[in-house]
Amino acid sequence: MQRRTFIKKTSTSGLALATIPSLFTINDPEYSIEELMGKAEIELFGEGINLRKEAHDAFIKMKKAAYSDGFDIKMISSYRSFERQKAIFERKFIKYTETDGMQPMDAIDKIIEYSTIPGTSRHHWGTDIDIIDGYPRVTGDVLVPEKFGEGGPFEAFKKWLDENAKEFGYHLVYTDDYFRKGFKYEPWHYSYAPLSKPMLEQFRGVNIFRQLIREEFEGSEHFTTGFLKTYIQNNILGINEDLL
């Protein structure tokens, strides 16, 4: 088993938004805010897997079970640092505003259909995975909802996950529930609940307004209090109820 380490990188720029109160308070947190925002040094396990140990071990068990049933689980994404998420967000913001000519908030709204604001990604935690079946031959972007639906190359694999993933502690994050708000349906994104549920509980206990306002990256100057409140309620908390 290969253990990987990612090094903490912090930002000290910007000022706290002192006028916005914390929604919750938290005492003696098990996870630091830097850790929850993808800035801290954490231990990650597995070549090409990069998950916390408990999540890694459960994933290996699920992968072996899937293999026995004719599926080859391929990891597309797992742990993602703050800096990596920042690069994704900035690349999309620049493309949409400078190349496509979109207004800044329109560009941000488009980005958060599928991509998170840096510091708020569940992938920062080392508990969440984006996966496909490695056996079918697929062209183009593999992370497309239609490819997991009826007639798609991953249809059978998605049915297997629906029936088996919970046995290993993994739950679909962004469901196709009509009433769910926030990020669009992602049939490829699963979370290891025994770890991610307490992490989300602690994440809800920090003043995320204050944390985000300190960061400087392309597009962040357009964030308003109202926008961030809506984003936290709809995107961070608009998930499978099994993970709340």
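So, here's what we can say about the structure. Per-chain numbering applies: the sequence of each chain, read as written, is numbered from 1 onward. Totals for whole chains, interfaces and linings use every residue, but because this is a predicted model, local features are given only for residues with pLDDT of at least 70 and side-chain atom pairs only at 80 or more, for both listing and counting. Note that water and hydrogens are dropped before the side-chain values are worked out from all heavy atoms of the structure.

**A few points about the overall build of the chain**
The line we're drawing: The way it works is that DSSP assigns letters per residue, a run of H or I at least four long becomes a helix, a run of E at least two long becomes a strand, and they are numbered from the N terminus. Under the scheme applied here, a residue whose accessible area is under 20% of the maximum for its type counts as buried, over 50% as exposed, and between as partly exposed, the area being computed with a 1.4 Å probe on protein chains only. Residues are treated as being in contact if the distance between any of their heavy atoms lies within 4.5 Å. Per-residue and other accessible areas were derived by the Shrake-Rupley procedure at a 1.4 Å probe size, with only the shown protein chains allowed to occlude residues.
The secondary structure content of the chain amounts to 8 helices and 6 strands. Reading the chain from its N end, one meets helices and strands in the order β-α-β-α-β-α-α-β-α-β-β-α-α-α. Counting every position in the chain, which comprises 244 residues, the buried fraction comes to 50%. Across the chain, every contact between residues at least 6 apart in sequence was considered, and the portion connecting residues at least 24 apart equals 76%. For the chain, the computed accessible surface area is about 12,500 Å², with 48% contributed by carbon and sulfur atoms.

**Brief notes about unusual backbone geometry**
Phi at Asn 50 is positive, roughly 55°, even though this residue is not glycine. Locating Asn 50 in the fold gives a position in the loop between β2 (42-45) and α2 (53-68). When its relative accessible area of 16% is taken as the criterion, Asn 50 is described as buried.

**So, the sheet that holds strand β6 (residues 189-192)**
Spelled out, the test is: Pairing between two strands requires that DSSP report at least two bridges joining them. To obtain an axis, a line is fitted to C-alpha atoms, over the contacting stretch when the element is a helix, and the angle between two such axes runs from 0 to 180 degrees between their N-to-C directions.
Strand order across the open sheet formed by 4 strands is β3-β4-β6-β5, with antiparallel pairing between neighbours. Since the sheet does not close on itself, it has two edges, and those belong to β3 (73-77) and β5 (170-172), each with one partner. Across the sheet, the mean angle separating the axes of adjacent strands is 45° when strand polarity is ignored. Pairing analysis gives 4 bridges linking β3 to strand β4 (residues 128-133), with the strands arranged antiparallel. Considered in β4, the bridge of Met 75 is made with Ile 131. Where helix α5 (residues 155-164) meets the sheet, it contacts β3, β4, β5 and β6, and its direction lies at approximately 135° from that of β4.

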